[in-house]
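# Observations on chain architecture
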Amino acid sequence: MAFRTLLTALLLLPSLATAGDFFTLKGHGGPIKGIDVSPDGSRILTASFDYSVGLWQGGTPVWLEAHRAAANTVRFVDSEHAVSAGDDYDIYLWDLNTGTGRRLGGHEGKIIALALSPDRRTVASASWDRTIGLWSLAGAPARFLKGHTGGVSDVVFSADGARLYSASADGTIRVWDVSSGAQTRLLLKGWFGVNTLILNEAAGWLAYGGVDGTIRVLEVESGDLIADFTGERSPILAMAADREFTTLAIGDGYGFIKVIDSAKWVVTEDFRATLHGPVWALRFSADGRNIHAGSLDDAMYSWPVASLGEHERMTRGELSFLKDPAEMSNGERQFQRKCSICHALDPDGRRRAGPTLFGIFGRPAGSLVNYSYSPTLRNSDIIWDVGTIDALFDLGPDDFIPGSKMPMQRITKAADREDLIAFLRRATAASGGNR
Ligand code: HEC
């Protein structure tokens, strides 16, 4: 019975994704920050805070692992290749047949978004280092477009690939000539950062979402306002359109997804998608019947556009870092706030960005066989104990073990480190409970 259910799930999933049914993709050990759908609609890619990219065809994912920090964005190049980028400032090109990744290059800051040129030969990257990277998949050297005075948050190519539109924390939307790399237009100059863009050049409009909650649609040619859906909720974090641009979905910091009909420019739904947390990633299925979304939840949710409100919502009520701080000791609070999103405490800890801390006291650094450590940690001769864990967060990982995949983080108060270590001693001990 169980086998049959599994088999049915595996066989049905690709068609489920196009059949207008509700489904979830579970397996990541951290929030989902980016989603893409393959050109033929049969596969989905998810980029996660757990440092990995999931390739889904059916219910079992293939994990694409190389990033040394959260993966923020992922895009199919064609049916056999994809690109991803993240907080490690790096871009990887993946061979989806073998699951292997090659570093395409990198920025000097986090990379937030990627776009493929219409001929699929160039990848554009939006980075917090204030530049836009143009990466040739044919091997030509990378180029960088400079001019933004704030981090770049989104990029999109014109339909003919000749121009690139970019959105930035500097409050502008700029247009660039791809062949010369010159900025040709300042389409918008506002007060607040612009987070996300959708361009429908054929119909002559561009929609954008901002840090302050702005959702506006502009006529590309004139820059005139076509529609304004700005509401109370901010920031606007994600936008998607179906392939014909007939329907837009807009996700915000309060976890709502607004659905807009672009023929009449009216809001058709305002759906509360999460019980906790923002909507970070949105994508339509290839047939436009489903909206895929990523939030704090470790799962990707997919709702049929036609019956959004009739299905389960994303919930992270059980997420430990959302536990009531008043119910915890200082040591546990330190752990929940600063470590739990990446580390489990139990023996077989679920898939996460970092290795489980179960049994950490007395353990040689980098010694778990089922976790893919950085060479630095695997080759170090540190033994984790009260002194070394204290030093790790007194100095910060980047000073204590430079080159590790640990995020930069210091805990400056000695009393906080002491409480954290006391909590970890109890919670990670073989016989101890974890509360
Ligand atoms: C954003 C994710 C992230 C956060 C937050 C984080 N870590 Fe880590 N941690 C990692 C990663 C990734 C590694 C593996 C590093 C490597 O391979 O270089 C790691 C490794 C470790 C190790 C070494 C484990 C081993 O097996 O050698 C310890 C100890 C550790 N972390 C403790 C902590 C504590 C305590 C906190 C909270 C104060 C914390 N980490 C917060 C991601 C994180």
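Above: the structure in question.
Structure report, in brief. (Residues numbered from 1 in each chain as written. Predicted model: local features only at pLDDT ≥ 70, side-chain atom pairs only at ≥ 80, totals over all residues. Heavy atoms only, no water.)

## Concerning the site of the ligand
- Taken together, 27 residues form the shell around the ligand, and within it C339, C342, H343, S374 and M406 come nearest.
- Taking R363, its side chain carries an N or O atom lying 2.7 Å from an oxygen atom of the ligand. (Near = heavy atom within 4 Å. Polar contact = N/O pair within 3.5 Å; in protein donor to acceptor, adjacent residues only side chain to side chain.)

## Structural notes on helix 4 (residues 386–395)
- By the burial criterion, the buried members of helix 4 are T388, I389, A391, L392 and F393.
- Buried-residue contacts for helix 4 involve helix 5 (397–400) and helix 6 (414–427).
- N-capping of helix 4 is provided by D385, with a side-chain oxygen placed 2.9 Å from the backbone N of G387.
- Once helix 4 ends, the next one or two residues include G396, with phi positive near 95°. (Buried < 20%, exposed > 50% of the residue type's maximum accessible area, 1.4 Å probe, protein only. Helix = DSSP H or I, 4+ residues; strand = E, 2+ residues; numbered from the N terminus. Contact = heavy atoms within 4.5 Å.)

## Thoughts on the coordination of the iron atom of the ligand
- Taken together, the protein ligands of the iron atom of the ligand are H343 (NE2) and M406 (SD), with distances of 2.0 to 2.4 Å.
- Considering all 6 donor atoms around the iron atom of the ligand, angles at the metal cover 72 to 178° and the coordination shape is octahedral. Taken together, the residues span a long stretch of sequence, with H343 in the loop between helix 2 (330–338) and helix 3 (375–378) and M406 in the loop between helix 5 and helix 6 at a distance of 63 residues.
- In this structure H343 comes out as buried when scored by relative accessible area, which is 13%.
- Classification of M406 by relative accessible area gives partly exposed; the value is 26%. (Donors = N, O, S within 2.8 Å, 3.2 Å for Na, K, Ca; no water. Tetrahedral: all angles 85-135°; square planar, octahedral: opposite > 155°, others 65-115°.)

## Some details on the nonpolar core
- By size, the foremost hydrophobic cluster in this structure holds 22 residues, and its most contacted members are F335, L345, W384 and L424.
- Within the residue set of this core, elements represented by two or more residues are helix 4 and helix 6.
- Broken down by element, the residue count for this core peaks at 5 residues, all from helix 6.
- Judged by nonpolar contacts, the second largest core, of 18 residues, contains A240, V279, A293 and L308. (Core = buried A, V, L, I, M, F, W, Y, C linked by side-chain atoms within 4.5 Å.)

## What about the packing of aromatic side chains?
- Taken as a whole, this structure holds 12 aromatic pairs when the rule is applied.
- Each ring, one from W205 and one from F245, has its centre 5.9 Å from the other, and the planes form 90°; the classification is edge-to-face. Taken as a pair, W205 in strand 19 (residues 205–210) and F245 in the loop between strand 22 (236–241) and strand 23 (247–252) lie far apart in primary sequence, 40 residues in all.
- Taken together, F22, F271, Y301 and W303 form an aromatic cluster joined through their ring pairs.
- Seen from the ring of W280, K33 lies directly overhead, with NZ or CZ sitting 4.9 Å from the centre. (Phe/Tyr/Trp six-rings, centres within 6.5 Å; stacked < 30°, edge-to-face > 60°. Lys NZ or Arg CZ within 6 Å of the ring centre and 35° of its normal.)

## Focus on the pairing of strand 3 (residues 44–48)
- For strand 3, the buried fraction is high: 5 of the 5 residues fall into the buried class.
- A two-sided burial pattern is seen for strand 3, the buried positions comprising I44, T46 and S48 on one face and L45 and A47 on the other.
- In terms of strand pairing, strand 2 (residues 32–37) meets strand 3 through 5 bridges, oriented antiparallel. Counterpart to V37 in the pairing with strand 3 is I44.
- From the end of strand 3 to the start of strand 4 (residues 52–56), which pair antiparallel, there are 3 residues, and Y51 there has a positive phi angle of about 80°. (Pairing = 2+ DSSP bridges.)

Read these as spatial facts, not as claims about activity.
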